[in-house]
Amino acid sequence: SEARGAAMATAVESALREALAGPAPGAAALGALRDGLAAAGGPAALGRRQRERFGALLRSLAAAAAEGPEEPAGPWRSCFVEGPPGLALSALLGALGDAGRRLQPIVEVLERFVREGRLAALMWEVCQQQARGGPAELQDALLAGVVALPDRVSNSLRGRNPAVFFPQNYFPLLGAAIVEVLLTLSAIAPVLSILSVYLPLVSSSTSEEILSVLVPRLADLTKSDCIWQRICWRLVECVPERWMEAVVLGFVQRAPGADVLSRLLGNLVVKNKQAQFVVTQKFLLLQYGYTTAVLQNLLGYLSLDSLRRALLIKVLQELLETWSSSSAVKHSPAEQQEYISKAILICLSHLKEPEIESCRQELLTSMMEGVKCHLDSSLPQIRRLGMIVAESISSKINTDGPVLKFQYEEDDEARELKSLLVQAPSICAVPSLPDDNDDDLTPYDMSEDKELKKTKAPVYIRDCIEVLTGSEDTDKWEATVKALESLVRKNPAATREVSVELAKILLHLEEKTCIEGFAELRQRAQVAVLTVDPIPVAQYLTSQFYSLNYSLRQRMDILDVLVLAARELSFPKVHGKIKHVEKPCVQLLPGSDSSNDWRKIVDERIKSKTRRFAKGPSQVQVASGPNEFNSVAGHFFFPLLQNFDRPLSTFDLLGEDHFVLGRLVHTLAVLMYLAVNTVAVTAMGKALMEFVWALRFHTDSYVRQGLLSCISSVLLSVPAEHLLNNMTEELLETQSWLGDVVEKDPDGDCRRLALQNLLLMENLKKKLNKTVPS
Amino acid sequence: MAAPPPDPQFVLRGTSAAVHALHFSCGGQEPDVPILFSGSENGLINVWNLKTRRVDKALDGHGRKSVCWVETMDGKDRLLSQGRDQRICLWDLAEGRTSVMDSVFTESVGFCRCSLLKVAQGRWLMAMAAKALDEVQVLELPSKTSVCTLKPEAGAKLGMPMCLKLWQINCDSQPLLLSGYEDGSVVLWNLSMGKVLSQLFCHQEPVMSLDFDSEKAKGISGSSEKVLSIWSLNEQQNLQVHTTHRLVNAGISDITIRPDKKILATAGWDHRIRVFGWKKLKPLAVLDYHTATVHCVSFSDHKNPSERLLAAGSKDHRISIWSIYTQT
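Residues numbered from 1 in each chain as written. Chains lettered and ligands numbered in written order. Predicted model: local features only at pLDDT ≥ 70, side-chain atom pairs only at ≥ 80, totals over all residues. Heavy atoms only, no water.

A. Region of interest: the overall build of chain A. Counting its regular elements, chain A contains 38 helices and zero strands. A burial count over chain A gives 47% of its 774 residues as buried. Carbon and sulfur atoms provide 55% of the accessible area of chain A, an area that totals close to 39,700 Å². (Helix = DSSP H or I, 4+ residues; strand = E, 2+ residues; numbered from the N terminus. Buried < 20%, exposed > 50% of the residue type's maximum accessible area, 1.4 Å probe, protein only. Areas by Shrake-Rupley, 256 points an atom, 1.4 Å probe, with all protein chains shown as cover.)

Structure (structure tokens):
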């Protein structure tokens, strides 16, 4: 066979000589060359000299195709597809780069080259050359050419490239080629060392498409074959440092589960520093945009091997450090905090009893610190995150003792977070069998089934005061609390005689017996008193806000009552119509409410009987009436602004009690908004702008949100010309501050509010330009 | 959201006294009109025509003393009524007559309603509280012969009987008596031996009413407390507490299971009628119409299920008639 091989080589040699002899190779010579090549067993059989000659031939063919007077004769295209792939590609790329007259044939040949699987052959060839220690630059240039092929074709054809060179088509083909090469390689284990050459391909800017082919294929191949696992591990280990992040991320995002990821990556994080940094630091602590599934993959991967578990514990410690750092809680975005909380919960779910035992003390310390600074936050979302994480840690470290238990709303988000703490969610939930019960009987609404009141509520306001202050009869007390609001509203004159006293009693009223909705009942009674007699009661409440010996709860109650009453006063005739919507209940006779509905019924009838020829936007009849807030707005507003910077012994708005400050600021914003069209609005706006200016760099994002709402309210409520005439300076200052907030504030809501304010200002400017011609 | 509870189908007014007893007689063929008997505190028994919704007749036979129990014997022509005048009257109402045919003097001063059971054609058993405080007497009707006197053992301290229920598994078997006592216990009596078969303490307060489903061997009782107690009778004829159901307000004056055993209704001291599914005691509806204590509830014996009615009599002098869960 040696002799036969040599004979074949001679045949190729002679065919090459003949082809290169003339100015352009004849069709017959090319045919002979193809036959000789096929007989010799493909391009791999060529010797060094023959390769050089073949290269020269391909170059001259390519040049002739691109530049010559006419296309070369005979099967010249097949020479590129059948010849040595490296030489063919470089010849074609060379011709493409020269930008000759005729590019079409060259591109057609390239398309055939790609379509007929020569990419895999090319890579295989490069592999072998590398194994033999061939020139590295040449190989790199070739591979770069392969990656850049779509771009180069596109550049040469000015965008009119064939579909196969669209990235979304080309790179999956490339991915498939890589898999094919790997398949060939898997049979020959020693060649493993040269695999790294392909990774630049994987980690190119267009890795998306390649990985989407590669990862599922590798996941499939590694399922049962440990040689494939080794190949895969080797593949990722040899990735150059600068591409490691992209490759690992690609694998983590695409792996369908932690076990698959573990198969694909092996102990990469233990062996490779860069990979370790990326996995344990960058993905968890520095970035936060990934989905929960990615987190679960990542941390699950760490938990699946004893070498990696050490890293898992380290990761948990670092996560907890961030979670329990008060500055991180204050300054990092809520989304990141949620991300970190999720990561902590997943870590906890993976920890085993002895591991928890080893770091129980640390967990406890972090939990105590973390829960403190989370509960300190004014954002409810952050507080709840803190509660959930603390509960979870506590349940993990105290398996038998008492565990932490907070009260918060159990919504979907909370449930989702808590579900992370449970490993391996059962996929097939057992459908509960419809058991033999009274299901065919649909119950009626039973919400009205309440306890029967035994005692009658007092009918005079003064009796109420007596009951609320002195009575020991809890039934009577309950009935009074429940009846007070309607009593106050029905008897405004009687209420005015004792309004301040009543407000005082209500402010100090504590829950004597357990009444459902006590806080709301009390609040509604307070609001009723304040709306019936606004000025003295508002004076009393606002003065109490800054006095000694009130709990934070009471101070916040004052703010709530002021806002609710202001809203009621500023809307024409809210009470009596909207508030007391009767729920349906068993009643033989229609309730007395029907008299209120007659107008609606009449209107409907008129509407149904009237034919309209033009249907404009339906006119909503707004009930009109005097704005009762007009005369009292100042009494609600100004006293609240007075003393915020004077700390009392138990109450320091600018210090610890920033949550109340946040509520105060929000209250002021609402009052300002409700004061639209009142006389005092300009003065209020000016005072509020000063107040905002003094607090604008407050560290608490809830306070800052309130301040930004204040600005919005001022912009919306104060008439435009007053704003411009009386507050020009303040507006300009505010505008620059808002610009800063939009760019720099860590809180997303603050940025959004600031942007809104800037837009409002823009609108204001436009409006003024329209109305006042310059 | 669940639908709001229905309103009464109609309301019968005009008893001019609190209503303590109700009994339907609607099983007759046309041209018989459906009838409701009501017994009120003023001693009158009103016969309501449910077509016209008017009183057809008012029977006065208890000397203006409260009527606490009415029951028919074979159709609407024979009526038994129990009054607080310590008499049980048998009325002949056939062909427009309104005369007392016979009466029994009970000698009992309690509030315990009697219980009637038809054991054979023309033969009934009636259980009633007897002269001695803790005794129950069972008579055979219409002969008025005493079948047995059920006396608790000495020292049992059950107190007075409060409610009675005579029943038998099928028409051949031994009739049995369930009685609720003042001390909160329910006792199962064997009539032939006059002995206690089983005793169950299911309430802290006197048992005000009970009803029993002989098919499921399961019963329910209510007292002046906030709980309904559901108990069952096992193979060894032992009573066991099955479950309890907590009510919003205390006090149950009457409990009735609908004859088809699908639902049951309770009459509450809180003015409300409650309807439950009988299988699992699933709360179905709270009917809030009356303005005073509801004393009694009764289901009609219509042949056609869709016509079935529920009646409730109350201290507020009214009888409310409801059509509820008639499709099941």
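B. Looking closely at the pattern of salt bridges. Inspection of every chain in the model, using the stated rule, returns 49 salt bridges over all chains. Here E237 of chain A makes a salt bridge to K271 of chain A, at a shortest N to O gap of 3.1 Å. With E237 of chain A in helix α12 (residues 226-237) and K271 of chain A in helix α15 (residues 268-271), this residue pair connects regions lying 34 residues apart in the sequence. Classification of K271 of chain A as exposed rests on a relative accessible area of 55%. Of the charged contacts, one joins D449 of chain A and R274 of chain B as a salt bridge, the two residues approaching to 2.5 Å between their closest N and O atoms. Separated into two different chains, D449 of chain A in the loop between α24 (412-419) and α25 (461-470) and R274 of chain B in strand β24 (residues 272-277) make up a pair that spans both. A relative accessible area of 15% means that D449 of chain A is categorised as buried. Each of D449 of chain A together with D270, R272, R274 and D288 of chain B takes part in salt bridges that share partners, so that together they form one network. (Salt bridge = Lys/Arg side-chain N within 4 Å of Asp/Glu carboxyl O.)

C. Representation of the packing of helix α16 (residues 273-286) of chain A against helix α20 (residues 334-350) of chain A within the structure. Residue and element names in this part refer to chain A. Contact geometry of α16 with α20 gives a least axis separation of 9 Å together with a crossing angle of 135°. One way to sum up the angle between α16 and α20 is to call them oblique. Along its contact with α16, which presents F283, L284, L285 and L286, the element α20 presents Q336, Y339, I340 and A343. Grouping the constituent residues of the contact of α16 with α20 by class yields seven nonpolar, one polar and no charged. (Axes fitted to C-alpha atoms, helices over the stretch in contact; angles between N-to-C directions. Parallel < 35°, antiparallel > 145°, perpendicular 65-115°, else oblique. Contact = heavy atoms within 4.5 Å. Nonpolar A, V, L, I, M, F, W, Y, C, P; charged D, E, K, R; others polar.)

D. Highlighting the pairing of strand β16 (residues 185-190) of chain B. Residues and elements named next belong to chain B. Extensive coverage of β16 is indicated by the burial of six of its six residues. Alternating positions in β16 separate into two faces, S185, V187 and W189 on one and V186, L188 and N190 on the other, with burial throughout. In this structure, strand β15 (residues 176-181) lies alongside β16, joined through five bridges in antiparallel fashion. Across the sheet, the residue bridging to L177 is W189, located in β16. Counting the residues in the hairpin turn of β15 and β16 gives three residues, including G184, whose phi is positive at 95°. With six bridges connecting them, β16 and strand β17 (residues 195-201) associate as antiparallel partners. Each bridged residue has a counterpart across the sheet, and for V186 the counterpart in β17 is L200. With antiparallel pairing between neighbouring strands as the criterion, β16 and β17 make up a hairpin whose turn holds four residues, including G194 at a positive phi of roughly 65°. (Pairing = 2+ DSSP bridges.)

E. Inspection of the interface of chain B and chain A at higher detail. With 36 residues of chain B in contact, the opposing surface of chain A contributes 21 residues. Taking both sides of the interface into account, the surface hidden between chain B and chain A amounts to around 2,500 Å²; carbon and sulfur atoms contribute 59%. Summed over the shared surface of chain B and chain A, the number is two salt bridges. There are eight residue pairs in polar contact (both at pLDDT 80 or more) connecting chain B and chain A. Contributing elements (two or more residues each) for the side of chain B that touches chain A: β24 and β25 (283-288) of chain B. (Buried area = accessible area lost by both parts, 1.4 Å probe. Polar contact = N/O pair within 3.5 Å; in protein donor to acceptor, adjacent residues only side chain to side chain.)

F. Focus on helix α37 (residues 728-744) of chain A. Residues and elements named next belong to chain A. When the terminal C-alpha atoms of α37 are compared, their 24 Å separation across 17 residues agrees well with the 24 Å that a helix rising 1.5 Å per residue should span. Every buried residue belonging to α37 is among E730, L731, T734, W737, L738 and V741, and all of these are buried. Summarising the axial view, the buried residues of α37 lie within an arc of 130°, below the 170-degree limit, and thus occupy one face. Exposed residues on α37 whose side chains face more than 90 degrees from its buried face are E729, L732, E743 and K744. (Expected span 1.5 Å × (residues − 1). Arc of directions from axis to C-beta.)

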